[in-house]
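Breakdown of the fold
Residues per chain are reported as follows:
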Amino acid sequence: MTKRLLIKGARVLCPANRIDSTMDILLESEKIKDIGLNLNVTENVMTIDASGLMLAPGFIDLHCHLREPGFEHKETVKSGSAAAIKGGFTTICAMPNTDPVTDDATSIQFLIDKAKGQPVRVLPIGSATKNSEGKELTEMAEMVEVGAVAFSDDGHPIANDMLMRHALEYSSALGVPIIDHCEVPSLFTNGQINEGWIASRLGLQGIPSAAEEQMVDRNIGLAKLTGGWVHLAHVSTKGSVESIRNAKELGINITAEVTPHHLTLTEDAILHGINQEGAYKALNENAYNTMAKVNPPLRTQADVEALIEGLSDGTIDIIATDHAPHASIEKLCPMQEAAFGISNLETTLASALSLVHNKKLSLNRMIESVTSSPAALLKASNNKIGQLTKGFSADLTLFDLDADWIVDVDQFVSKGKNSPLNGEKMKGKVVLTVYKGQIVYSNISKDLVSK
Ligand code: DOR
């Protein structure tokens, strides 16, 4: 009989069950067996003294890039899974912009097979159109049958209105969302960073907020027309938040996500400014930091504040990492040639907690936005995840709310070392990750474990 795991005395946070108190939790045979005060278990058990630590359901990421097949120099299912558990994630959803694109049942099955034996649950997102070219819909039903949990042409919008209408009609019949990367191609042109004074100063083509907002409004219109479910990827502007809020008030079937970088960084990061309080590191006004080049781009302080407010009041449903690992050579180059994206899995918790420490977001809502809220969007997956309830999967994240640390990308287990946070001081760190009752990542002092 495999050993049971008893975690004692943590501050247990489970928004779905309205729990925020000191408790014990017992895990047995991959499931949560019991949760309560002073659980007294002595036989066949490994006990962890977690007093002073926070215990939450294992984090769930609805949007990450694992790059396999085709871009294994950036990340693999194995290296991405290792980064996920180090960041406290026990479920991750992989975007289909691989080579070949994940656009049929065989390629979904490839990912499922690759994910077998990994220390994290990997759920595939299929492409909505063949080769993500936006011309012809994929065989969605076949992909859902094999295990796809959503559809997206990630990295590209589904720009053709009629095709998007049909995609919504099919996907809603299957009970899964179309995740749209909202961007009007003709407004995006050759944009590199947010349209504004920094783009002008650096002589770079800007990406206007309207490129995103017009596509958000188009999607809201089509969700209203079809009753289909649109999930808006990585929302980045104040105008998008306002449109989503209005649409939700009208009962339109949309959900939305925000990334840790859009919640905590502004376009100033392009000039090496790290966050709204941070000082500029580079004195050379022409210097720029390609690590902060991401799509959609980092925006302004007013946008950041609107996104935080939107996440707080539930207009935005979840935090998703958009973990986008790239090789150094793809970032250490001129801005116009640099890839879009940030390697995020290992810093997301600390970024999100910075909002909690600064009293801009409640701890409860922060945890909800990476646990029960994303679980509620994974309707096609029959896994019992995202809450600490008897019988649910024994997926847990134990973290230290106040641990100080400094981001060092050389310590990332992700192959992607591309982070604008390198060298930044952070507060809050994962101490232990448990997946299906097994410790898959541990940074806990041995003195606190008794076998
Ligand atoms: O910055 C980004 N990187 N945004 C995307 O939409 C795609 C992603 C990637 O795949 O690198």
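Just above, that's the structure.
Described in the following lines is the structure provided in the data block. (Residues numbered from 1 in each chain as written. Predicted model: local features only at pLDDT ≥ 70, side-chain atom pairs only at ≥ 80, totals over all residues. Heavy atoms only, no water.)

1. Notes on the overall build of the protein
Worth spelling out the cut-off: Only DSSP runs of H or I covering at least 4 residues are called helices, and only runs of E covering at least 2 are called strands; the numbering of each starts at the N terminus. Note that the radius of gyration is over C-alpha atoms, with the globule rule given as 2.2 Å times the number of residues to the power 0.38. A 1.4 Å probe rolled over the protein chains alone gives each residue an accessible area, and that area as a share of the maximum for its type sets the label: buried under 20%, exposed over 50%, partly exposed in between. Using a 1.4 Å probe, the Shrake-Rupley method yields the accessible areas, and only the shown protein chains count as cover for residues. When charges are counted, Lys and Arg are positive and Asp and Glu negative, with His and the chain ends excluded. A single reference atom marks each charge: NZ on Lys, CZ on Arg, CG on Asp, CD on Glu.
Of regular secondary structure, the protein possesses 13 helices and 19 strands. Taking 22 Å as the expected radius of gyration for a compact globule of 451 residues, we find that the protein reaches 21 Å, a close match to that expectation. When its C-alpha atoms are laid out on the principal axes, the protein stretches across 65 × 55 × 45 Å. Across the 451 residues in the protein, those meeting the buried criterion constitute 60%. Entry remark: accessible area of the protein is about 17,600 Å², with carbon and sulfur atoms responsible for 49%. One way to put it: in the protein the 41 positive side-chain charges average out to a point 6 Å from where the 55 negative ones average out.

2. Things to note about the packing of aromatic side chains
Under the convention used in this document: Working definition: rings of Phe, Tyr and Trp (its six-membered ring) pair if their centres are within 6.5 Å, and the pair is stacked with planes under 30 degrees apart, edge-to-face with planes over 60 apart, and tilted otherwise.
Counting across every chain of the model gives three aromatic pairs. On the basis of an interplanar angle of 55 degrees and a centroid distance of 6.4 Å, the ring pair of Phe59 and Phe399 is categorised as tilted. Placement of Phe59 in strand E6 (residues 59–64) and of Phe399 in strand E16 (residues 396–406) is noted, with a sequence separation of 340 residues between them. We classify Phe399 as buried; its relative accessible area is 0%. Ring geometry for Phe188 versus Phe340: centroids 6.2 Å apart, planes at 55 degrees, classification tilted. Taken together, the positions of Phe188 in helix H5 (residues 185–188) and Phe340 in the loop between strand E15 (318–319) and helix H11 (348–357) put the pair 152 residues apart, joining distant regions of the chain. Among the residues examined, Phe188 registers a relative accessible area of 10% and is labelled buried.

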